[in-house]
Amino acid sequence: DQQVKQNSPSLSVQEGRISILNCDYTNSMFDYFLWYKKYPAEGPTFLISISSIKDKNEDGRFTVFLNKSAKHLSLHIVPSQPGDSAVYFCAASNNDMRFGAGTRLTVKP
Amino acid sequence: ETGVTQSPTHLIKTRGQQVTLRCSSQSGHNTVSWYQQALGQGPQFIFQYYREEENGRGNFPPRFSGLQFPNYSSELNVNALELDDSALYLCASSALSGSRTAAGRELFFGEGSRLTVL
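Keep in mind it's a predicted model, so treat the numbers as computed, not measured. Here the residue numbering is sequential within each chain, running from 1 through the sequence in written order. Think of it this way: whatever chain is written first is A, whatever ligand is written first is 1, and the rest follow in order. In keeping with the predicted nature of the model, local features appear solely for residues at pLDDT of at least 70, side-chain atom pairs appear and are counted solely at 80 or more, and the whole-chain, interface and lining totals rest on all residues. With hydrogens and water excluded, all non-hydrogen atoms of the structure serve as input to the side-chain values.

1. A closer look at the state of the cysteines
Residues and elements named next belong to chain B.
And then number 1: Note that a disulfide, as used here, is simply two cysteine sulfur atoms within 2.5 Å. In this structure the tally under the stated criterion is two disulfides over all chains.
And then number 2: Two residues share a disulfide in this structure: Cys23 and Cys91, whose sulfurs sit 1.8 Å from each other. Measuring handedness by torsion sign, the sulfur bridge of Cys23 and Cys91 sits at about -65° and is left-handed. Placement of the pair is Cys23 in strand β3 (residues 19-24) and Cys91 in strand β9 (residues 87-94), with a sequence separation of 68 residues. Of the two residues, Cys23 and Cys91, neither departs from the other in class, the shared state being buried. A run of H or I in DSSP counts as a helix once it spans at least four residues, and a run of E counts as a strand once it spans at least two, with each numbered from the N terminus. Think of it in three bands: with a 1.4 Å probe and only protein chains considered, a residue is buried below 20% of the maximum accessible area for its type, exposed above 50%, and partly exposed in between.

2. Overview of the pattern of salt bridges
Residues and elements named next belong to chain B.
And then number 1: A pairing counts as a salt bridge when a side-chain nitrogen of Lys or Arg comes within 4 Å of a carboxyl oxygen of Asp or Glu. Taken as a whole, this structure holds six salt bridges over all chains when the rule is applied.
And then number 2: The shortest N-O distance in the salt bridge between Arg22 and Glu75 comes to 3.5 Å. On the criterion of sequence distance, the pair formed by Arg22 in strand β3 and Glu75 in strand β8 (residues 74-78) is long-range, its members being 53 residues apart.
And then number 3: For Arg22, a relative accessible area of 42% translates into the label partly exposed.
And then number 4: Between Asp85 and Arg63 there is a salt bridge whose closest N-O contact spans 2.8 Å. Here Asp85 is found in the loop between β8 and β9, whereas its partner Arg63 is found in the loop between β6 (53-57) and β7 (64-68), with 22 residues between them in sequence. In this pair, the class of Asp85 matches that of Arg63, namely buried.
And then number 5: The network of salt bridges with common partners includes Arg63, Glu82 and Asp85.

3. A short note on the interface of chain A and chain B
Many structure descriptions define interface size as the accessible area lost when the parts assemble.
And then number 1: Should any heavy atoms of two residues lie within 4.5 Å, those residues are counted as being in contact. Listed by partner, the interface residues are 20 residues for chain A and 23 residues for chain B.
And then number 2: Buried area adds together the accessible area that both of two parts lose upon being put together, with accessible area traced by a 1.4 Å probe. Between chain A and chain B lies a buried interface of about 1800 Å² when both sides are counted; carbon and sulfur atoms form 52% of it.
And then number 3: If you look at where chain A meets chain B, you find zero salt bridges.
And then number 4: Polar contact is the term for a pair of N or O atoms within 3.5 Å; when the atoms are in protein, one must be able to donate a hydrogen and the other to accept it, and sequence-neighboring residues count only if both atoms are side-chain atoms. Our count for the contact surface shared by chain A and chain B stands at two residue pairs in polar contact (both at pLDDT 80 or more).
And then number 5: Taken together, the elements giving at least two residues each to the side of chain A that touches chain B come down to β4 (32-38), β5 (45-51), β9 (86-93) and β10 (97-99) of chain A.
And then number 6: Counting residues per element, the side of chain A that touches chain B draws most heavily on β4 of chain A, at four residues.

Structural data, given as structure tokens:
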């Protein structure tokens, strides 16, 4: 069941530029949205979240935007750093949490 | 504070066999969720346990079953293994099922158990 979709399997950006990762969802009952980051051989780790009653949440270099009418959210990383290179998963939650397929971000020095 | 630990880290089984994977939740967490992550895919929700009861299930057949113990640790059992069951199985704990706060919703993942079915 593809309730959460990340349509870009990969993204490559230059160090210092902005990275924008996108996510779409179908279930209007989701009330929290989260981004997770995953390095090889590790479990996903929480990055940032947003409640469905907000449209923006910022934490340092990371900002998540939510457009409820479009059922779309995005993660902005500014400025991008080589250490940000990882797979990023979008997740949506109500009673349980559903994940997208992930986007592999590569930040080139 | 100990994090989420899973065992075994790697295992190989043959088709038709049964497997049990184990998970110890993070201290203070009473909810455990299990996910299957196939190569190149995102984690797929299998089920969630809260206070020793199944509290939500994804689109997985009944041969995937689980348990949660009074200390909130958990097991995932898979019977009659199929080749397509080969995947990374992730366990995640959280503070409270259906929490109304972001902190309660955050999942803390273990490193996973990689199952290969031959």
